[in-house]
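# Results of the structural survey
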Amino acid sequence: MLVILGFAMILVFMTLIMTKRLSPILALILVPTIFGLFAGAGLGIGDMVMDAIASMSSTAALLLFAIIYFGIMIDVGLFDKLVEFILKVAGNDPVKVVLGTALLTGAVSLDGDGSTTFIVVTAAMLPIYQRLEMSPVVLTCVAGLINGTLNIVPWGGPTARASSALQIDANEIFVPMVPSLVAGLLVCLIFAYVLGISERRRLAKNGVAWVEDRGSNRRKDLVGAVAGASTTAGSSAGTTAGGHGHGSGSAASANDDTATEAIPASAGDADGSAGTGSGLSNTALDPNRATLRPKLFWFNLALTVAVMVLLIVDILPLPYLFMIGTVIALMVNFPKMKDQQEELASHATAIISVVAMVMAAGVLTGIMSGTGMVDAMAEWLVEVIPNSMGPYMAVITGLLSIPMTFFMSNDAFYFGILPVLAETASHFGISAADMARASITGQPVHMQSPLVPAILLLVSLSGVELGDHHKKVLWRALIVALVMLAVGVAVGVIGIS
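To continue, consider the pattern of salt bridges. Tallied over the entire structure, the rule returns three salt bridges. The salt bridge partner of glutamate 199 is arginine 202, with a shortest N-O separation of 2.9 Å. Linking glutamate 199 with arginine 202, this pair stays in helix H11 (residues 178-205), spanning three residues, or about one helical turn. The exposure class assigned to arginine 202 is partly exposed, which follows from its relative accessible area of 23%. Of the charged contacts in the structure, one is a salt bridge between aspartate 434 and arginine 437, with a shortest N-O distance of 3.0 Å. Here aspartate 434 pairs with arginine 437, and both are found in helix H20 (residues 432-439), just three residues apart, close to one helical turn. You'll find aspartate 434 and arginine 437 in the same group, each marked buried.

Here we come to the packing of helix H6 (residues 94-109) against H11. Viewed as axis vectors pointing N to C, H6 and H11 meet at an angle of 150 degrees, and their least axial separation amounts to 7 Å. Where H6 crosses over H11, the two elements pack in a sense that is right-handed. On H11, the residues touching Pro94, Val95, Val98, Leu99, Ala102 and Leu103 of H6 are Leu189, Ala192, Tyr193, Leu195, Gly196, Ile197, Glu199, Arg200 and Leu203.

Bringing the packing of aromatic side chains into the picture now. Under the counting rule described, the total for this entry stands at four aromatic pairs. Between tyrosine 69 and phenylalanine 322 the ring centres are 6.1 Å apart and the planes differ by 65 degrees, which places this aromatic pair in the edge-to-face class. Taken as a pair, tyrosine 69 in helix H4 (residues 57-76) and phenylalanine 322 in helix H14 (residues 318-333) lie far apart in primary sequence, 253 residues in all. Classification of phenylalanine 322 by relative accessible area gives buried; the value is 1%. A centroid spacing of 5.2 Å and a plane angle of 85 degrees characterise the contact between phenylalanine 406 and phenylalanine 407, whose relative ring orientation is edge-to-face.

A word on unusual backbone geometry. The phi dihedral of glutamate 133 is positive, around 60 degrees, even though this residue is not glycine. A relative accessible area of 3% means that glutamate 133 is categorised as buried.

Summarising the element assignment, alanine 329 is placed in helix H14. With 25 residues separating them in the primary sequence, alanine 329 and threonine 304 have C-alpha atoms 9.3 Å apart. Those residues in contact with alanine 329, other than ones at most four positions away along the chain, are Tyr69, Ile72, Met73, Leu303 and Phe334.

Further remarks concern the confidence of the model for the protein chain. Here the protein chain shows a mean pLDDT of 77. Residues at 70 or above account for 80%. When pLDDT is averaged over each element of the protein chain, helix H8 (residues 136-149) comes out on top at 95 and helix H12 (residues 232-242) at the bottom at 36. Scored below 50 in pLDDT, residues 211-279 makes 146 contacts in the model with residues more than four places away or belonging to other chains.

As a packed pair, helix H7 (residues 114-131) and H8 sit with axes 11 Å apart at the nearest point and diverge in direction by 150 degrees. Between H7 and H8, the angle falls in the class roughly antiparallel. With respect to the hand of their crossing, H7 and H8 are arranged in right-handed fashion. From H7, Gly114, Thr117, Phe118, Val121, Thr122, Met125, Leu126 and Tyr129 reach across to H8, where they touch Pro136, Val138, Leu139, Ala143, Gly144 and Asn147. The residue makeup of the contact of H7 with H8, split by class, is nine nonpolar, five polar and no charged.

Conventions adopted
Residues numbered from 1 in each chain as written. Predicted model: local features only at pLDDT ≥ 70, side-chain atom pairs only at ≥ 80, totals over all residues. Heavy atoms only, no water. Salt bridge = Lys/Arg side-chain N within 4 Å of Asp/Glu carboxyl O. Helix = DSSP H or I, 4+ residues; strand = E, 2+ residues; numbered from the N terminus. Buried < 20%, exposed > 50% of the residue type's maximum accessible area, 1.4 Å probe, protein only. Axes fitted to C-alpha atoms, helices over the stretch in contact; angles between N-to-C directions. Left-handed = near helix turned anticlockwise from the far one by under 90°. Contact = heavy atoms within 4.5 Å. Phe/Tyr/Trp six-rings, centres within 6.5 Å; stacked < 30°, edge-to-face > 60°. pLDDT = per-residue confidence, 0-100. Parallel < 35°, antiparallel > 145°, perpendicular 65-115°, else oblique. Nonpolar A, V, L, I, M, F, W, Y, C, P; charged D, E, K, R; others polar.

Okay, structure coming up:
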């Protein structure tokens, strides 16, 4: 009964958010509560939820202060030069912009922290997507794919968990998986290129044409649109990304009846080259915003590098690290108390939406664990695997990691299920290292789970519905995971006895 209720709850939850019958926060709270009562939780359901929320408090604190810290860095202009560089290289071509998103995400993802990566990427790229009227769902899809694929680095969560659970060295798991990682990233870049082509065609259908001019792509608007026109979605995205409550026109604004002024052909500088002039007005990276601190650029860069180094070295708890960084950033950039209060208040929308989502996710994880649904589902899956499939346990583990790490936390899978699967595989001559390598191939899909706070942060900052993100990203993430698993088997690091 618990197995049936567990899978039914997941199905109902996914259906409701993907069809937009309920918002993710409502679904995360309401659906598990109903199914938990059916499972016989009774009045004990409150303790289950509170225990889970307590365990997630450090994550909520991390996200809260990370949002504030990077919000401050965005406001004072730390990322403006990076955006200028991306604009110069990518021009106004959606294909190059999407590929730039992928490369930027890959570079920042090397710190092993998804939340930090998504804050930086949305800060740098969302204003460009807004300005060019590109779909922010493309941004979340590409960023989610790249970050999920790189989540298997040794200092990332899953590899470290697999190493601890099976008591083997993390490098023994990761190094042989490098060919799989490279293959996964190549597939992600292919998807990014195709998405860029799709965006270029979509914009062309909406009256925006792209022509080659001496090797650089230049935009020509065939319909009227106002560069600063704000739609509800664009305004929301601008608010969460930069805390200013502004957003450049979204794709929908191109057909707004009030649009009467055409965007210049370059959508950038007067000479037609990409730039950060008026095209970024009214976005999180408005070059004329009052919060800019150009004289403090090198200090802010040094502070951010120091925070990133300490993050990787892991000598302080991450929430406390970002607390300290936030205090220093506020004191130096906004020495007056009034300015500090205004700066903190400007990021309230992003903070509330993300922290609320994390707390709501605690309801789902708490009820699934407290009622025994997770354990029952794991035991059922292990039991239904016939003995004849024993020699293929590593491959089976890789396949199971795809849905199971999506529907449950990494902790539940790697510490609860993987040891059982590894013990079973040992009877068929399959090593623990092979099982560990197979278990991390599902991470591209895992990172899209509503149980992962970082992905909730990404869609929130981008102003994207989680259901829309899932429609575009899940099947692509599935292909990336299967490719990584197949390459691992092909090169012999995921064995078949």
